[in-house]
Amino acid sequence: MKTYCLRTAPRFLFISVLLALLLVLAAGAGAVSPEGETVCIQCHGAQTGRLGAPVAAWRKSIHAANGISCHDCHGGDPTDMAMAMNPARGFLGAPKEGSIPGFCGRCHVGVKEDYLASAHGRALGRGGPHCVTCHGNHAVQKAAPDLINRKDCTRCHDYGRAEEIKSAVLDTDRNIAELTQSLTALHRTGIVTKDMDDELFALRNRFHRLFHNVDVERVRNQTAGFQGDLLKIRGRLAVIDAELKRRKLWGGVVVALLLIGGVVALLLHKSYKKEK
Amino acid sequence: MGLGNKITDYLDARLGVRDILEQNLTRYLLPRNINAWYTLGAVLLTLFAVQFATGILLLVYYHPITDEAFQSVQRIMNDVPFGWLIRTVHAVGANVIVMALLLHMLSVLFMGSYKSPRELTWLAGFLLLLLSLGMCLTGYLLPWSQLSFWATTVATSSSRELPLIGDFVVRFLRGGAMVGQPTLGRFFALHVMGFPLLLGLLVLFHLFCVRRVGISRPPFGPDWRPMEPLAAFRHEEHPGGIPFFPHYVTKDAAIIAFFLALELWVVFFAPGLFFPPAAFEPADPFVTPAGIKPEWYFLWAYQTLKIFPSEFLGLAVQGTAVTLLLLLPFLDRSPERRPARRPLFVTAYILGIALFVAISVWGHFS
């Protein structure tokens, strides 16, 4: 038994070291190539002009950042080049103006409802604005109050009412943005923030849905409720922040003690040297 | 008489421990011009001990099952008392160890300490570096995050470029066609048992070589002369040197304290330094995250694969570089160790470091 072990041990050592070497060399490729791109992106991304432009615009969009790809909106088969744009595989193509709210509203359900009930929605098809008018299409960015601005709104009407809505939502929206940033930072330290993330995401959606009805009074009345909910999340964040500060304090003490210990050991070493 | 003395007397009467302690501590003399670079061995021993201890604690709560691994790490970070500290120390410690290993290797190279009669010490040390990198890679998969999953997927894929055996090697590493439960199982086994066992044995052999051959004298000062080639084994003595204890141990302790301070500073004040955002998302085989990069110590290898027209060529270059370093003492046989008298080596050494840094930076920004 002993002989057997002694004979196999070097072989085991050799195989394992070889495996480590192989893993180490292989590890160099630890980056992800764009493999897994859909056929839509492969084909349109290679084209220039009108047919290629949507891919470049989409790559910078909030949709791309969240993994929403061409087929999620336009349908079709993203895995089969020949059948990708076949209606039999659910391909919808680009919507006509009147069906744009329905097109986007398949995901943004609440916003669609409030929009359709608003003055904007009621004017759909008669020169009234729709989703793309304010948000753009393929280059769609994260919704922010800056989308309400003099330049865009005055394309159709006076800015006054729009400005009132903007000032009513600005504070709450800034709060939501700050909290989102804080939660992201916490998430980056390994703290589970999913509950708060989900809560804030839902709140943000409800809030953004609210001002799609373009009713200033309604926005003002409901903003207090949103602020209250945000305060609750902020309170939970404050508890976590306090804990993190405590950790840093103790961490600082430990690091300082180690540094002092190191310096003392060095001084001791020097004193031994002098004795010699 | 104190309890300590009583215990020592008891052990001394039976095992002669006083003699052992004297031989290895107070009567163990080191060269008078020994410098701080020689403390890196003790630093690494301490850091490995910290990894071992935190690793055992993590094992208590970690589940090596794809459905549960990510959640178990989340639980360690959020619910287990001091779990965040243990996990972060373990993850940051891996990076600090690689840093210390590289510094240790560079100092040995610069002072020519790898040369005869210390070829085996170098060989064991270099294998320790490779094993440590293997430990880092296998440990990377265990949290089963997006980063773990995709880094391992691509890392194992590149082995496919090996001629004839490529596909076999990929399946062997993954335990199947894709990264999945079999991969996690074998990486877990290697990370917590296979590699640490080998690492422990190699550390013992490395220390045995260091103690048996004797500490090499730093090749500096006017009276340093190259050693004559050895006809038979001879322990290198340093008469008139400084005792290991308490003299040099205080220096060891100081540098160890500074390294631990650095590690804990990162743990407490920059815990996200070594964690990209994908490290906090659960693995999803259907969503490929954009721009995942390997850890800083693998960036050189990552970029090398991109520089060459084929991945096989890149792998061959990496393999050649690693093999050359591994076998360096058998190739560089001149007894001269003084850097000033080895201009060719020192030039290659500086260019090598510059190349490593430049390719790594390029890899980071590419």
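Going by the structure above, here's the rest.
Here we summarise the structure given alongside this text.

Parameters and conventions
Residues numbered from 1 in each chain as written. Chains lettered and ligands numbered in written order. Predicted model: local features only at pLDDT ≥ 70, side-chain atom pairs only at ≥ 80, totals over all residues. Helix = DSSP H or I, 4+ residues; strand = E, 2+ residues; numbered from the N terminus. Rg over C-alpha atoms; globule rule 2.2 N^0.38 Å. Buried ≥ 20, exposed ≤ 12 C-beta atoms within 10 Å, placed from the backbone. Contact = placed C-beta atoms within 7 Å. Arc of directions from axis to C-beta. Nonpolar A, V, L, I, M, F, W, Y, C, P; charged D, E, K, R; others polar.

**Thoughts on the overall build of chain B**
Logical step 1: The helix and strand inventory of chain B stands at 14 helices and two strands.
Logical step 2: Whereas a compact globule of 366 residues would reach a radius of gyration of roughly 21 Å, chain B reaches 23 Å, a difference of no more than 12%.
Logical step 3: Along the first, second and third principal axes, the C-alpha atoms of chain B reach 65 × 55 × 35 Å.
Logical step 4: In chain B, which comprises 366 residues, the proportion classed as buried is 39%.
Logical step 5: Here the analysis covers contacts within chain B between residues at least 6 apart in sequence; of these, 76% occur between residues at least 24 apart.

**With respect to helix α7 (residues 109–117) of chain A**
Residue and element names in this part refer to chain A.
Logical step 1: Within the sequence span of α7, burial applies to Val111, Lys112 and Tyr115. Each buried residue of α7 sits inside an arc of 100° when the element is viewed along its axis, so together they form one side.
Logical step 2: Packed against the buried residues of α7 are α6 (100–104), α8 (119–122) and α12 (194–210).

**Overview of the environment of Phe312(B)**
Residues and elements named next belong to chain B.
Logical step 1: Position of Phe312 relative to the elements: it lies in helix α12 (residues 311–326).
Logical step 2: Accessibility expressed as a C-beta count within 10 Å gives 16 for Phe312, which makes it partly exposed.
Logical step 3: Here the alpha-carbon distance between Phe312 and Ser159, two residues 153 residues apart in the chain, equals 8.4 Å.
Logical step 4: Not counting chain neighbours up to four residues away, the residues in contact with Phe312 comprise Glu161 and Pro163.

**Considering the interface of chain A and chain B**
Often, the extent of an interface is quoted as the loss of accessible area upon association of its parts.
Logical step 1: Taken together, the contacts link 39 residues of chain A with 59 residues of chain B.
Logical step 2: Of all the secondary structure elements, the ones that give two or more residues to the side of chain A that touches chain B are α1 (2–27) and α13 (216–275) of chain A.
Logical step 3: If one sorts the elements of the side of chain A that touches chain B by residue count, α13(A) sits on top with 14 residues.
Logical step 4: For the side of chain A that touches chain B, the residue count by class is 23 nonpolar, 12 polar and four charged.

**Looking at the environment of Thr138(B)**
Residues and elements named next belong to chain B.
Logical step 1: Relative to the assigned elements, Thr138 resides in helix α6 (residues 119–141).
Logical step 2: The class for Thr138 is buried, based on 25 C-beta atoms found within 10 Å.
Logical step 3: Separated by 10 residues in sequence, Thr138 and Ser148 place their C-alpha atoms 9.3 Å apart.

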